[in-house]
Every structure is written in C-alpha cells, then in structure tokens.
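In case you want the letters, here they are:
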Amino acid sequence: MQYVLNGAIADVPSEWHDESLLFVLREYHGLVGAKFGCGVGICGACTVIVDGMATRSCQVQTAELTPTTQVLTIEGLEVNGKLHPVQEAWLAHAVPQCGYCQSGQIMSAVALLADGDRADATASSDAILSAMNDNLCRCGTYQRIRDAVRDLIEAG
Amino acid sequence: MKRRSFLIGSLGTLVAFIGTGATIYGALPVIPKRPMPGTDDALGWIAHQEGRFLLTLPRIEMGQNIATALKQIACTELEVAWDKVDVAFHDSDLARVRSTVGSESIMLFAEPLAQACASLRDALRRGVRQGLVSAEPRAKEQLKTFARHGKIGRTAEIVQGREIVTGKALYASDIRRPGMLFGRVLRAPALAEYASKPLSWNAEAARAIPGFVAIVKDCGPDIGNAKGLGIIAERPGVLDRVVEVLNVVWQTEEPTTEFSSDAPVDVDRRPLEEMPSNVVLNGRPEPGPWNVDLKLSIPFAAHGAIEPRAAVAEWMHGKLTVWAGTQDVFFIRDCLADAFSVAVEAVRVQSCRVGGSFGGKTICTVEAEAATLSRAAGAPVKVQWTRAQELASAFHRPPSSHRVRARIADGQVSDWDHRQVSSHILFTSAVVPNLMQQATDAFIGDGGVARGMAVPYVFPRARAAYDLVRLPVHTGPWRGLGAGPNGLVIESAIDEAALAAGADPLAFRLAHINDSRLAAVVEAVGEMSAWETWKRPENEIKVGRGIACGIYKEVSYAAVVAEVEVAPDGRTRVREFWCAHDCGLVINPDQVKAQCEGNLMWSVGFVLHDHLPMERSRIVAETFVDAPIPRMEDTPRMNVELIESAKPPAGAGETVMACGPGAIANAIRAATGIRPTRFPVRTA
Ligand code: FES
Ligand code: FES
C-alpha cells in the first residue's frame, strides 16, 4: 500500500499494515519525531497532520491510509533548511524542556495556524486552548507554548 | 520470516538458558555510588581537536537544559564562540559521575567544569596541542564563570533545541539497530511487593500471530517480587496482539497484612503522647491547648513523565550495550553486570536524552528487561513500557499523613509540633529489601521524607518527627522529595497561625524569618504581586490570594503568591502566579525561570490533580485520565523574578515545590474560608 508522507509517495509492506501509523513512521520509516506517550489517544505526543487535521498517529491504522492520504510529520516541516514559523517561534520562546511532547505540540500548532478560520486573531485564546489543550506536557511548558502560538496568530 | 522460525526452533534451549540465570538475579541490592566531582574528573569532560571542542556532559539531560548551562560555562572559560563547542551525552565508560538528581548539577559541577576548561585554555595558549592536560586549579574568583563574564547570566540558544523542533533529538526509544526486535515483560496485575509469577499461558495462540517471535520464561530480575513473562515480536504493535491472546494466568500471593488503599498511612495511628522514631527538630513544645491543629493527607502520585521508560539492549560477543533514558547510567551498568554475572567492563550504558524523569528514572527496570530479552533473542531488543506499565510497575510518590499543631503567644508562634507518617523515598522499597530497610529505618531514617520538614522559621519550641511505613506499593523520589508535602503542611499551618493571630500572612512570615535571603524573596514576591494593596474583586466568584515560601536543601530560596478562583460549581482554577527565586549565581536566567514555571505547574498538579487510584491489591490507573496531570487550561499567567547574586550557585529544579502548593492551598482558603486538608482538592 501507499500514502503520501511529507510530500513523497511512501510504500508500506504488508506485514506493517496492522501496525499503527505511529509505529510505521517510527520503526519502518525511521521518522522518530512523533513519540509514543500513551498509545491510547490521550497524550498527543504522537500527533501528526493527516489531510490537514492534527491527528493522533497511535490511533490511525495504517491499513486505512490511501494513496491520496497526505501525512505531514515534524520531519517534513523544514523546507530547504528553513524552519517552519512554528519551529522558529518554539526556539524564540525557548519552549522545550525535556522535549518529548514537543513534536506533538508543534504539529498541533501547525494545524491550528494552517486553518485560517480557527486561527482568527479575535478569538485567539479560545482557539489556542481548543487546539492545544489535549497535548500534555509534564515539564509544564504550557505558558511558553501559549505565548508562542499567540505571537504566531497575531503576526498573521 | 526466517528469524522467527529460528527463534521458535530454539525456544526450548532459550528458556533453559534464561532459567538457570534467573536464580542469581538481585540477591543483594546494588547501591548507587555518589562521588563528588573534582577537577581531574572534569578534564575527562572536555576535549580539543583542531580548533573545536567536545563537551561530554557529566550530567543527564532530561529537560532541565543542563546541557545549555554547562556549555555556557565551557564557552566562557575556553573563551570560544558558541558554535566551537559540540556537546555529547556520556556513557558508562566515562569516569563515574553521581546520578543526576537533587538539583545538584550547577551546584556541584559548575566549578570543576570551569576549572578544567580554564586549564585546557591555558594549555592551548602555551602551545600544547597533544596529550593529556593536567589540572591547574585556581581560586574560584579567578574563574570567569564566577566573575559572571562571557556567557554567564545570559540567555543562550538551547542545546538540542533545533533537534527537538525538527524531531531529530534522540531518546532511548528512538534508537534503532539492525535486526532489532521488540519486547515486553508482562507482570501480574498486583502490587510489586506481593509475590507473583506466571502460571500458564496460551503459547499456541501467540505463535499464530504474524510477527510473533518468542516467549521468554523466568524473565530477568524481578520487579519487587513480581516475576515476569517476556514476549518478543518483530514489530511493536504485535506485542499488543500477543498480549490479547496470551491469556496468562498469574499466581499472586495473597497479601497477609491489611493494606488500606484509601488511607495507606495515618499519622493518628500512633498516640500523640508518643514521639515518632525519626526526629528532625527536637524542640519540646509545652503542654496545653493549641491554636492551630491540622491533619493533612497527601496521596500516592505518579511521576507522569510523557516518555514511558525505554531501553534498547544489544549483546555482542558476551558484551552488552544498552541505550537508556535514565538518571544514572553507572548504576544501571552496575545493576546489569550484577544481574547477568558479567564484569562491569562488559557492559556499556549510553545515556540518551530523557523525556522527563522527576526522580522516577533512577532504578534499573526496563534496561534489565531489554537486556534479558536481547540475550534470549540473540538480537537487539527495544522495550518501551506502556503507559499502564508505567503506572503499575514504576515507583511513585509516597502517601504521607501529617498532623501539625501551633500555639500562639503574644502574636507569635511559640510552640510547633509536626508529625508525619510516610513510606520511603530514598531507601525505596523498589531497591532496598525489607530487612535492610528495617536497619536503615532504625539507624538513618529517610532523608527524602525528612527533606523540608525543618521549618524555615524561628519558633521558640519546634518539634518535627516522622515514622516510616513499608507499603506493598513501591514508593521513591518524586520531584522535590519531602519538600513538596512538608512545604504544603508547614505553609498551611503558618497561614492558619497568621489567621489565628489576626495578622497579615506575609508580615506574619517575615516576623518569624531571620534568614535574609528568605526574607528577600518574600518581600520581592509581595512587591511583584502588590500584595498589600490588592483587594478581592466584588463579584460572585470566590477569589483569593495565598502566599508561601521555602528553602530547598538549605541553599535555594523561593516565595510564591497564587491567585485562585473557585466557581459556584466548585471548579478551582489558579489565575496567576508570582514567584521570586534566589539560587545564587545564575548561569542561564531564562532556563532557571523555565524550571520555576515547571515547578509552578507541578504545584497546580500537586494541589488539584495528582493522585494514583488503587485498590487493595493493585494500582488501577492505566492512563492519564485515571492519573491526571495539568493541561494548558490549568495554566495561569506565571510571573517569575530571579534575585541574582554572587552567592554560590545552587539548584533550581525543585525549589518552588517547597512553596508553590502551599501558596495555592492558602489561596483556596482565602477564597472559600475552607482549609484544604485532603489532596487533590476535589474541584467540582
Ligand atoms: S501516544 Fe498517541 S495520544 Fe498518546
Ligand atoms: S517538554 Fe517535557 S513533556 Fe513537554
């Protein structure tokens, strides 16, 4: 089977079809940015973007992907050595502590900002909370995440 | 599919091989060693080649961004640009350094590293280009670090920041080896102290699952008294499917002693006339009625790191390599050498970036599981615990029960009595067997439980003492150790004393403080929050402010003001924090603030969320829903100010745990008139 991974066609051999997208990304493709935190859709550490939506990759069965499914992972954000604005904002605010949750946090923020309706500056606090509240961070970096996303929304 | 048939074919021998090894596991505990770092050691942390430097971190990086601070010190002493120094994580071939615990990294490692880098710089200036450099220690004041030159006291680009935001920073679970398999060790759904073992299982059904490789009996060192049953698969998801059909029947020893999961420890079990065994403050309160008499209960809590512990193990020619996310690769190496009866030289443990530890990744568990399964499989094996395993098989914050009483005379506290019952923290049952623990209980007590129990105030007659109880649940270090619970208790009681004396809580604290640095943070936080002039808003929502302060390990100081609102339905939310922090000389102010912010979020969790549901014989929590941690919606605005000074640098990783919870509890009291005594506070 095939799907589109970070803009390129990716093949997955049959023995991996029963695996979650998270494990296919990590252990078959070797893209380890998305993390295993809970495996049951609660923590958000495994968040990637599937067809524009922030999605828990631990809950996606690989067999359900189609040749037109677009999967974007954190490894696909950088273009020609240039970081995505969300990545830049994360560095500018020195967000990461242990960093384990941050790939998921960043992908949730990228999905929010790509959605012009949700990322409306007038409703930014509510939008940030509804987009980010289910990405858990035990180190407690939430204030910096909130500030980074707010800056990005305000910068349009 | 070749590998699979090979392993199934050899399963019989494989089990026997592991079986004979099993009897040697863990007869005596391996004790962690804690050497003090010196300049000679530090020379092994820094190397030079053709204009570039390699800093091998003597610490574990687990989110405290210690790599950044140590690199700032190295660049400062070497007088080189930021991009001239590469940073590497150490492995167990480095000369032993103590485990990364207790907020000690800057306190103990800044000077040796600075000395070593200064010696190297001078040697290079003399034209030395090869060989080993010897230490030329100089007076501390002559080091650029302590004179706050160069990159000291400034913000710096986070080491590995770019790797983290691009998904390239490697944690133990990110390591991939050629031919690597995936393993899990199943254990009985029972508390760790109850003897349990697998009796039977459906190997036939497991074998029918595509990708199944092997079942490993007698699997590795026990965790507590829980024997494991190992499974190995070609792909990680196969493990779940094998577990589903394996249908393991466990034999579990029925608990002989009654264990109440609701109130596992109770300070009132011992009559008030009797002194608890371990004395922290030995003042003698006078008999008579008390103005304040509180009983506070603090429950079990999980660490809740987002990274479940993981390890990759690989045996080659009788030598073992393990990639681990641990706070102490040397201790893990020693445990593995002991468990597998090989020389320590035959084991190499590579530290990886850790996805949060908070005291919880200090013992050898998943590393031994991976090593056992790798030996059985004859291939590298990755093991990452499931979230449910993380909650069931790791150790946790102990529950503690406190009774604290205070008497007021002439508007001041005259007598103070704080009694506590807790299970162990430093001499954790997860490592120390029962008999040995009885000896430590009798002769040493437990410094982790005692931490922060001595009041930071001057009271004429103050007593503090505790008893230890071994529980069937493994307990151990958790961010701040005793400082969290003890700080919450002390700061609740002094708040009640201030109320009873009719005094302002901030002024009342200052009146009992004779340590100028503690007074300074209290005054600073008062100013930051406009404590004196703030008025409760006139509306129906209950709003209140609370203050608390504390000293961590006698070297770091913090004070916090919390503003809390309690909605009509009981929902409690911290709206804003102000925090003043003094840990002496600061290497990286922004990252000290980040640690304060993290601890403030942990304080929110401490008061409003942290608990670990269990039944009489097992921990029932399996997810973050059962054992919740704070979310963005729980995040108030946090204002942190640092009082920087030339005082020796101390720790910042846990200080605020001594006062953040107390500030919230006091704010709830101010908002509602009700003193929180059972935690977490039920908010709806
Ligand atoms: S690992 Fe997917 S949500 Fe936690
Ligand atoms: S940075 Fe450690 S869990 Fe978020």
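Definitions and limits used
- Residues numbered from 1 in each chain as written.
- Chains lettered and ligands numbered in written order.
- Predicted model: local features only at pLDDT ≥ 70, side-chain atom pairs only at ≥ 80, totals over all residues.
- Heavy atoms only, no water.
- Phe/Tyr/Trp six-rings, centres within 6.5 Å; stacked < 30°, edge-to-face > 60°.
- Lys NZ or Arg CZ within 6 Å of the ring centre and 35° of its normal.
- Helix = DSSP H or I, 4+ residues; strand = E, 2+ residues; numbered from the N terminus.
- Pairing = 2+ DSSP bridges.
- Axes fitted to C-alpha atoms, helices over the stretch in contact; angles between N-to-C directions.
- Contact = heavy atoms within 4.5 Å.
- Domains from an automatic or database assignment.
- Buried area = accessible area lost by both parts, 1.4 Å probe.
- Salt bridge = Lys/Arg side-chain N within 4 Å of Asp/Glu carboxyl O.
- Polar contact = N/O pair within 3.5 Å; in protein donor to acceptor, adjacent residues only side chain to side chain.
- Expected span 1.5 Å × (residues − 1).
- Buried < 20%, exposed > 50% of the residue type's maximum accessible area, 1.4 Å probe, protein only.
- Core = buried A, V, L, I, M, F, W, Y, C linked by side-chain atoms within 4.5 Å.
- UniProt positions renumbered as here; feature names shortened; annotations may be inferred.
- Parallel < 35°, antiparallel > 145°, perpendicular 65-115°, else oblique.
- Left-handed = near helix turned anticlockwise from the far one by under 90°.
- Nonpolar A, V, L, I, M, F, W, Y, C, P; charged D, E, K, R; others polar.

- The name given to chain B in an unreviewed UniProt entry is Isoquinoline 1-oxidoreductase, with the source organism recorded as Pararhizobium antarcticum.

- If you look chain A up in an unreviewed UniProt entry, it shows as (2Fe-2S)-binding protein from Pararhizobium antarcticum.

**Overview of the packing of aromatic side chains**
Residues and elements named next belong to chain B.
Phase 1: Here the structure, examined in full by the defined rule, presents 10 aromatic pairs over all chains.
Phase 2: Chaining the aromatic ring pairs together yields one cluster made of Phe-358, Trp-478, Trp-602 and Phe-606.
Phase 3: The positively charged end of Lys-71 is found above the aromatic ring belonging to Trp-82, 4.3 Å away from the centroid.
Phase 4: Here the guanidinium or amino end of Arg-479 rests over the ring plane of Trp-602, the centre of that ring lying 5.4 Å away.

**Examining unusual backbone geometry**
Residue and element names in this part refer to chain B.
Phase 1: The residue after Phe-679, namely Pro-680, is reached through a cis peptide bond having omega -5°.
Phase 2: You can see Pro-680 is positioned in the segment after helix H18 (660-672).
Phase 3: Here His-317, not a glycine, exhibits a phi torsion of approximately 50°, which is positive.
Phase 4: Looking at where His-317 falls in the secondary structure, it is placed in the loop between strand S11 (310-316) and strand S12 (319-324).

**Some points on the sheet that holds strand S15 (residues 400-409) of chain B**
All names here are of chain B.
Phase 1: Strand order across the open sheet formed by five strands is S9-S17-S16-S15-S10, with mixed pairing between neighbours. Across the chains shown, the open sheet's two edge strands, defined by having one partner strand only, are strand S9 (278-282) and strand S10 (292-298). Each strand axis lies, on average, 10° off the axis of its neighbour in the sheet, ignoring direction.
Phase 2: Strand direction decides the pairing type here: S15 and strand S16 (residues 412-422), joined by 10 bridges, are antiparallel. Its bridge partner being in S16, Ile-408 is matched across the sheet by Val-413.
Phase 3: Contacts from helix H14 (residues 483-500) reach S10, S15 and S16 within the one sheet, and its direction differs from that of S10 by about 155°.

**Some details on the domain arrangement of chain B**
All names here are of chain B.
Phase 1: Domain annotation of chain B identifies domain 1 (39-166), domain 2 (172-254 + 309-384) and domain 3 (263-301 + 396-672).
Phase 2: When each unit is reduced to the centre of its C-alpha atoms, the spacing between domain 2 and domain 3 is 37 Å.
Phase 3: Contact with domain 2, which involves 12 residues of that partner, is made by 16 residues of domain 3.
Phase 4: Surface buried jointly by domain 2 and domain 3 totals about 1,100 Å² across both partners, of which 65% is contributed by carbon and sulfur atoms.
Phase 5: The interface formed by domain 2 and domain 3 includes one salt bridge.
Phase 6: Summed over the shared surface of domain 2 and domain 3, the result is five residue pairs in polar contact (both at pLDDT 80 or more).

**Structural notes on the sheet that holds strand S3 (residues 85-89) of chain B**
All names here are of chain B.
Phase 1: The sheet built from three strands is open, its strands ordered S1-S2-S3 with mixed pairing. Where the open sheet ends on each side, the last strands, each with one partner, are strand S1 (46-49) and S3. Geometrically, the sheet is characterised by an average inter-axis angle of 25° between neighbouring strands, direction not taken into account.
Phase 2: Across four bridges, the pairing between S1 and strand S2 (residues 52-57) is antiparallel. Within S2, the residue paired with Gln-49 across the bridge is Arg-52.
Phase 3: Its contacts with the sheet put helix H4 (residues 66-78) on S1, S2 and S3, and the angle it makes with S2 is roughly 140°.
Phase 4: Where helix H5 (residues 105-125) meets the sheet, it contacts S1 and S2, and its direction lies at approximately 25° from that of S1.

**A word on the pattern of salt bridges**
Phase 1: Tallied over the entire structure, the rule returns 58 salt bridges over all chains.
Phase 2: Asp-174 of chain B is the salt-bridge partner of Lys-35 of chain A, the closest N and O atoms lying 2.7 Å from each other. Note that Lys-35 of chain A is positioned in the loop between helix H1 (21-28) and strand S3 (47-50) and Asp-174 of chain B in the loop between helix H6 (161-165) and strand S4 (181-186), a pairing that runs across two chains.
Phase 3: Across the salt bridge formed by Asp-122 of chain B and Arg-121 of chain B, the nearest N and O atoms sit 3.2 Å from each other.

**A few points about H5 of chain B**
Residues and elements named next belong to chain B.
Phase 1: For H5, with 21 residues, the first-to-last C-alpha span of 29 Å sits near the 30 Å given by 1.5 Å per residue.
Phase 2: H5 sits mainly inside the fold: 18 of its 21 residues count as buried.
Phase 3: Of the residues flanking the end of H5, it is Gly-127, one or two places downstream, whose phi is positive at about 95°.

**Details of the nonpolar core**
Phase 1: In terms of nonpolar packing, the biggest core is built from 148 residues, with Tyr-3, Leu-21 and Trp-90 of chain A together with Trp-416, Phe-577 and Ile-664 of chain B touching the most fellow members.
Phase 2: Here this core gets nine residues from one element, more than from any other, and that element is helix H17 (residues 589-608) of chain B.
Phase 3: In terms of nonpolar packing, the next biggest core, distinct from the first, is built from 78 residues, Ile-46, Phe-109, Ala-313 and Phe-330 of chain B among them.

**Looking at the UniProt feature "domain: Aldehyde oxidase/xanthine dehydrogenase a/b hammerhead" (unreviewed entry) in chain B**
Phase 1: Under the feature "domain: Aldehyde oxidase/xanthine dehydrogenase a/b hammerhead" (unreviewed entry), the UniProt entry names residues 166-254 of chain B.
Phase 2: The straight-line gap between the two end C-alpha atoms of residues 166-254 of chain B is 50 Å; of that span, 18% is helix and 28% is strand.

**Describing the packing of helix H3 (residues 102-114) of chain A against helix H5 (residues 142-154) of chain A**
If you want to describe how two helices pack, look at the angle between their axes and the distance between the axes.
All names here are of chain A.
Phase 1: For the pair H3 and H5, interaxial distance at closest approach is 11 Å and the crossing angle is 25°. Regarding the angle of H3 to H5, the classification is roughly parallel. Along this stretch, H3 crosses H5, giving a crossing that reads as right-handed. Note on element contacts: H5 touches H3 through Ile-145, Val-149, Leu-152 and Ile-153, opposite Gln-102, Gln-105, Ala-109, Leu-112 and Leu-113.

**Examining the domain arrangement of chain A**
Residue and element names in this part refer to chain A.
Phase 1: If you check the domain split of chain A, you get domain 1 (2-76) and domain 2 (85-155).
Phase 2: Of note, the centres of domain 1 and domain 2, computed from C-alpha atoms alone, are 21 Å apart.
Phase 3: Around 1,100 Å² of area is buried between domain 1 and domain 2 when both sides are counted, 61% of it from carbon and sulfur atoms.
Phase 4: There are zero salt bridges connecting domain 1 and domain 2.
Phase 5: On the surface where domain 1 and domain 2 come into contact, there are five residue pairs in polar contact (both at pLDDT 80 or more).
Phase 6: Put simply, the parts of the chain that give the side of domain 1 that touches domain 2 at least two residues each are S3 and strand S4 (53-56).
Phase 7: Among the elements that make up the side of domain 1 that touches domain 2, the one with the highest residue count is S3 (three residues).
Phase 8: Class assignment of the residues belonging to the side of domain 1 that touches domain 2 gives a composition of 10 nonpolar, six polar and two charged.

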